[in-house]
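# Report on the structure
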Amino acid sequence: AGPQPGSRIVTNALPGESAHNYGLAFDAVPMLYGKALWKDAARLAQMGEFGESVGLEWAGRWTRFRESVHFQHPKWQEIVRGCPRTR
């Protein structure tokens, strides 16, 4: 749908331009005793490093639109281009 009037911008991606659209991305936040640690930079960095250690791209390292809770397959665009339904 793209940006909506009066809404907070949470992505720069247009429809179809996000790895989320293809099941190749997810967002996660560390939890402690049932509480989300949205502002705990150390734990977010630890989670990001773990994601990278298993081969994911972590948006916490991006220079534009840094998003420390976002992970995606590092070659998602190549995968999508190779998918018959998107050609």
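Structure's up top.
All of the points below concern the structure found in this document. (Residues numbered from 1 in each chain as written. Predicted model: local features only at pLDDT ≥ 70, side-chain atom pairs only at ≥ 80, totals over all residues. Heavy atoms only, no water.)

### What to know about the overall build of the protein chain
In terms of regular secondary structure, the protein chain is built from two helices and five strands. Starting at the N terminus, the α and β elements of the protein chain follow one another as β-β-β-α-β-β-α. Expressed as a percentage of the 87 residues in the protein chain, the buried residues total 22%. Entry remark: accessible area of the protein chain is about 6,600 Å², with carbon and sulfur atoms responsible for 55%. (Helix = DSSP H or I, 4+ residues; strand = E, 2+ residues; numbered from the N terminus. Buried < 20%, exposed > 50% of the residue type's maximum accessible area, 1.4 Å probe, protein only. Areas by Shrake-Rupley, 256 points an atom, 1.4 Å probe, with all protein chains shown as cover.)

### A word on the pattern of salt bridges
Across all of its chains, the model carries two salt bridges by this definition. Among the salt bridges present, the one from arginine 43 reaches aspartate 40, with a minimum N-O distance of 3.3 Å. Arginine 61 serves as the salt-bridge partner of glutamate 52, at 2.8 Å between the closest nitrogen and oxygen. (Salt bridge = Lys/Arg side-chain N within 4 Å of Asp/Glu carboxyl O.)

### A few points about the sheet that holds strand β4 (residues 57-58)
Ordered in space as β1-β5-β4, the three strands form an open sheet in which the pairing is antiparallel. Strand pairing shows two members of the sheet lacking a second neighbour, β1 (25-27) and β4, which therefore form its edges. Judged from the three bridges that link them, β1 and strand β5 (residues 70-72) form a sheet pairing that is antiparallel. Looking at β5, one finds that aspartate 27 is bridged to histidine 70. (Pairing = 2+ DSSP bridges.)

### Brief notes about unusual backbone geometry
One non-glycine residue with positive phi stands out, namely tyrosine 33, at about 50°. Its location among the elements puts tyrosine 33 in the loop between β2 (31-32) and β3 (35-36). Within the chain, phenylalanine 65 stands out as a residue other than glycine whose phi angle is a positive 55°.

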